[in-house]
Amino acid sequence: MVVAFKVTCVEQGEWAVLRVSGELDLVTSPTLRQRVHDVVAEGGHCLVLDLSEVFFCDSSGVGVLIAARRLIRSCQGRLRLILPARGAVEGSHVNRVLGALGVRRLFDVYADLEAAVAEEAGPLSA
């Protein structure tokens, strides 16, 4: 079974939202890295990465997330991740990977898009 990796971009107010689906791994992570760079190059400094449809993430995927955080911070921007607490298999795989690696605390994480783009929104606790 081949599962397509896909990244789509939509605007939600001041936020650029990259919706990611599939496996985020050594083969696909350069695509996400390039899309993040494209958003920033176009002047987008408020970025939401919707990872709710990512069912696998390896270390190269985590590296892309950390690099995106660094890039957005260098522009005095804001980065928010959507990692639902409940997914197809007892929670978000990406959330579990970030937690296991001890880097979950680096990110502002939200359960859904509405919460992520709300101005007063506070992230979910780690």
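Quick notes on the rules
- Residues numbered from 1 in each chain as written.
- Predicted model: local features only at pLDDT ≥ 70, side-chain atom pairs only at ≥ 80, totals over all residues.
- Heavy atoms only, no water.
- Salt bridge = Lys/Arg side-chain N within 4 Å of Asp/Glu carboxyl O.
- Helix = DSSP H or I, 4+ residues; strand = E, 2+ residues; numbered from the N terminus.
- Buried < 20%, exposed > 50% of the residue type's maximum accessible area, 1.4 Å probe, protein only.
- Pairing = 2+ DSSP bridges.
- Axes fitted to C-alpha atoms, helices over the stretch in contact; angles between N-to-C directions.
- Core = buried A, V, L, I, M, F, W, Y, C linked by side-chain atoms within 4.5 Å.
- Contact = heavy atoms within 4.5 Å.

> Can you lay out the pattern of salt bridges for me, pointing to particular residues and giving the numbers?
By the definition in use, this model includes one salt bridge. In this structure, Arg78 engages Glu14 in a salt bridge whose closest nitrogen and oxygen atoms are separated by 2.8 Å. Placement of the pair is Arg78 in strand β4 (residues 78–82) and Glu14 in the loop between β1 (6–12) and β2 (15–24), with a sequence separation of 64 residues. Residue classification places Glu14 among the partly exposed residues on the basis of a relative accessible area of 46%.

> Which residues make up the sheet that holds β2, and what values do they have?
Strand order in this open sheet of five strands is β1-β2-β3-β4-β5, and the pairing throughout is mixed. With one partner strand each, in any of the chains shown, β1 and β5 (108–110) form the two edges of the open sheet. Across the sheet, the axes of successive neighbouring strands diverge by a mean angle of 25°, strand direction being ignored. Sheet topology note: the β4/β5 ladder contains three bridges and is parallel. Note that in β5 the partner of Ile82 across the bridge is Tyr110.

> Could you give me a rundown of the nonpolar core, with the residues and numbers involved?
Core analysis: the largest hydrophobic core is formed by 30 residues, its most contacted members being Leu32, Leu47, Leu49, Leu51, Leu81 and Leu98. Every element with two or more residues in this core is listed here: β2, α1 (29–41), β3 (46–57), α2 (59–74), β4 and α3 (93–101). Considering each element in turn, this core owes the most residues, six residues, to α2. When sequence neighbours within four positions are dropped, the list of residues in contact with Leu47 reads Trp15, Ala16, Leu18, Val36, Val39, Ile72, Arg78, Leu79 and Arg80.

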